[in-house]
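Next come the chains, spelled out residue by residue.
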Amino acid sequence: MNDNDRHQYSIDLDIDLKSLDLIKENKYCIIYVADTPHGRRIVKKYKGEDSSLVKIEADALTFYHELAQNDSDLMDSGEPLLREDRNLLCIGFIEGDAFSDVLYKARKDNVIRDRSVRLMRILGRVISAIYDKTRKPSEKTSPFIFEYFDYCSNRLHEMPILGATFFKRMSEDAIEIAKEFEKSNVEPSFIHGDLVFKNIHVKDERLGLIDFANANSLSHPLNDIYNLRFALANMILPKSFKTELFEGFNLGMGKLDFSPPVKSFYYEYHRRRWLMLKLTSRNPVDFMQGVRGLLTFARHSAPETMMP
């Protein structure tokens, strides 16, 4: 615990932080867990002077709070406490287990397996509700989506050996895929932005979403859906269990349907993003996961197997 930081953050946030313990640090922020008179909190200190990132996360958390407080299936993190001038954010702590841990336990426990499918049905319903509440017919998709799609495509195309073998036309294809997407008159909406199982906490029959740092108000539910599907595809779980999980998810999501160009764009967006992150990683485990994915679920010919 850093007493100087704890004291200063207590003053800045006007809350008594009785403890301040580091969870992790990345290039954007430092993340702590703190004990307060009102329970545990997450404290995030964003780096630098630009407050745009902390504001995006605070706005996303406010939206989630408004959604969760009226939904008995969701765990609420409460109204976030923001000190924009200090790049400082205080978030209510969502109890429970990471959904990823629960899914691995479910491999040998049919009761947990059935519960996991029920939770996926709740998650599908929540994604559908978010889309209904936040869709913006008069707006355009965030330019960041296209910029990052190009970035991932170019990184893969430029990779030594693998680029020339597997990703030769990836940069050119990205232009065509994006053009078809833009012709489809897509209605953008709010997304979590990093919807993977470690960012979903579960307790009994309820779930809670955490870590809204990559939220985007002008994206599309397929962005979150394919992110979740690639995360599940990479997990070492029985194929039948994975099928049950997304059958539950689709049942909860209802009859939402999207045009083929929109599906193709967000499928490729997450296929390329996932492969880029794995294959350019210095971690040998990540790299081998990328190779395995490239030869199986993340190969170019696989989009139909992941379509909602």
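Computed from a predicted model, the values in this text were never measured in an experiment.

J.: Got a minute to help me understand helix 5 (residues 143-157) in this structure?
T.: One full turn of an α-helix is made of 3.6 residues, so residues set three or four places apart face in the same direction. For helix 5, built from 15 residues, the straight-helix expectation of 21 Å at 1.5 Å per residue is met to within 8% by its first-to-last C-alpha distance of 21 Å. Every buried residue belonging to helix 5 is among Ile-145, Phe-146, Tyr-148, Phe-149, Cys-152, Ser-153 and Leu-156, and all of these are buried. For helix 5, the arc enclosing every buried residue in end-on projection is 165°, short of the 170-degree limit, so these residues lie on one face. Away from its buried face by more than 90 degrees, helix 5 exposes Pro-143 and Glu-147.

J.: Help me out: how do you make sense of the environment of Thr-280 in this one?
T.: Following the sequence through the fold, Thr-280 ends up in the loop between helix 10 (260-279) and helix 11 (284-295). Considered as a pair, Thr-280 and Phe-265 are 15 residues apart in the sequence and their alpha carbons are 22 Å apart. Beyond its immediate stretch of four places on either side in the chain, Thr-280 contacts Arg-155, Met-159 and Leu-275. In terms of polar contacts, Thr-280 uses its side chain to reach the backbone carbonyl oxygen of Met-276, at 2.4 Å.

J.: Which parts of the structure should I look at to understand the pairing of strand 3 (residues 39-46)?
T.: Side-chain positions along a regular strand alternate between the two faces of the sheet. Strand direction decides the pairing type here: strand 2 (residues 29-36) and strand 3, joined by 8 bridges, are antiparallel. Bridge assignment links Asp-35 to a residue of strand 3, and that residue is Arg-40. The hairpin turn running from strand 2 into strand 3, its antiparallel successor, is 2 residues long. Two elements, strand 3 and strand 5 (residues 88-92), share 5 bridges in a ladder whose sense is antiparallel. Among the inter-strand pairings, Lys-45 is bridged to a residue of strand 5, identified as Leu-88.

J.: Any chance you could explain the sheet that holds strand 9 (residues 206-209) here in plain terms?
T.: The pairing of strands in a sheet happens through backbone hydrogen bonds and is either parallel or antiparallel. If you trace the 3 strands from one edge of the open sheet to the other, you get 6-8-9, paired in antiparallel fashion. Looking at the sheet topology across the chains shown, the edges are occupied by strand 6 (97-98) and strand 9. Pairing of strand 8 (residues 200-203) with strand 9, which is carried by 4 bridges, proceeds in the antiparallel orientation. Following the sheet pairing, Val-202 is matched in strand 9 by Leu-207. Each of strand 8 and strand 9 touches helix 4 (residues 110-134); the most contacted strand, strand 9, lies at about 50° to it.

J.: Looking at this model, I keep getting lost on the pattern of salt bridges. Mind explaining?
T.: Close approach of charged atoms allows side chains of opposite charge to pair. According to the stated counting rule, one finds 21 salt bridges in the structure shown. Lys-55 is the salt-bridge partner of Asp-59, the closest N and O atoms lying 3.0 Å from each other. Placement of the pair is Asp-59 and Lys-55 together in helix 2 (residues 52-68), with a separation of 4 residues, close to one helical turn. Look at Asp-59 and you get partly exposed, because its relative accessible area is 41%. With a relative accessible area of 30%, Lys-55 lands in the partly exposed category. Taking the shortest distance from any N to any O, the salt bridge between Arg-83 and Asp-85 comes out at 2.7 Å. By relative accessible area, Arg-83 is classed as partly exposed at 25%. When salt bridges with common partners are traced through the structure, they connect Lys-44, Glu-57 and Asp-211 into a single cluster.

J.: Which parts of the structure should I look at to understand the pairing of strand 5?
T.: Within strand 5, 5 of the 5 residues are buried, which leaves it mostly tucked inside the rest of the structure. Burial along strand 5 is two-sided: Leu-88, Cys-90 and Gly-92 and Leu-89 and Ile-91, pointing in opposite directions, are all buried. Taken together, the 3 bridges between strand 4 (residues 81-83) and strand 5 define a ladder with antiparallel strand orientation. Bridge pairing in strand 5 links Leu-82 to Leu-89. Remark: 4 residues form the turn of the hairpin made by strand 4 and strand 5, two consecutive strands paired antiparallel; Asn-87 in that turn has positive phi of roughly 55°.

J.: Can you help me understand the environment of Glu-182 in this one?
T.: Its place among the elements puts Glu-182 in helix 7 (residues 170-182). Since its relative accessible area comes to 53%, Glu-182 is described here as exposed.

J.: Just to check I follow, could you spell out the side chain of Lys-44 for this structure?
T.: By the secondary structure assignment, Lys-44 is in strand 3. Discounting chain neighbours no more than four positions away, the residues touching Lys-44 are Cys-29, Ile-30, Ile-31, Glu-57, Asn-87, Leu-88, Leu-89, Ile-91, Asp-211 and Ala-213.

J.: Can you help me understand the packing of aromatic side chains in this one?
T.: Geometry of an aromatic ring pair is reported as the spacing of the ring centres plus the angle between the planes. For the structure shown, the criterion picks out 23 aromatic pairs. Between Tyr-64 and Phe-212, the ring centres sit 5.4 Å apart and the planes meet at 40°, which makes this aromatic pair tilted. Pair noted here: Tyr-64 is in helix 2 and Phe-212 is in the loop between strand 9 and strand 10 (216-219), with a separation of 148 residues, a long-range link. With respect to class, Tyr-64 is no different from Phe-212; both count as buried. Their ring planes at 75° and their centres at 5.5 Å tell us that Phe-99 and Phe-197 sit as a pair that is edge-to-face. Of this pair, Phe-99 sits in helix 3 (residues 99-105) while Phe-197 sits in the loop between strand 7 (189-191) and strand 8, placing them 98 residues apart in sequence. Among the aromatic residues, ring-to-ring pairing joins Phe-144, Phe-146, Tyr-148, Phe-149, Tyr-151, Phe-181, Phe-265, Tyr-266 and Tyr-269 into one connected group.

Rules used throughout
- Residues numbered from 1 in each chain as written.
- Predicted model: local features only at pLDDT ≥ 70, side-chain atom pairs only at ≥ 80, totals over all residues.
- Heavy atoms only, no water.
- Helix = DSSP H or I, 4+ residues; strand = E, 2+ residues; numbered from the N terminus.
- Expected span 1.5 Å × (residues − 1).
- Buried < 20%, exposed > 50% of the residue type's maximum accessible area, 1.4 Å probe, protein only.
- Arc of directions from axis to C-beta.
- Contact = heavy atoms within 4.5 Å.
- Polar contact = N/O pair within 3.5 Å; in protein donor to acceptor, adjacent residues only side chain to side chain.
- Pairing = 2+ DSSP bridges.
- Axes fitted to C-alpha atoms, helices over the stretch in contact; angles between N-to-C directions.
- Salt bridge = Lys/Arg side-chain N within 4 Å of Asp/Glu carboxyl O.
- Phe/Tyr/Trp six-rings, centres within 6.5 Å; stacked < 30°, edge-to-face > 60°.

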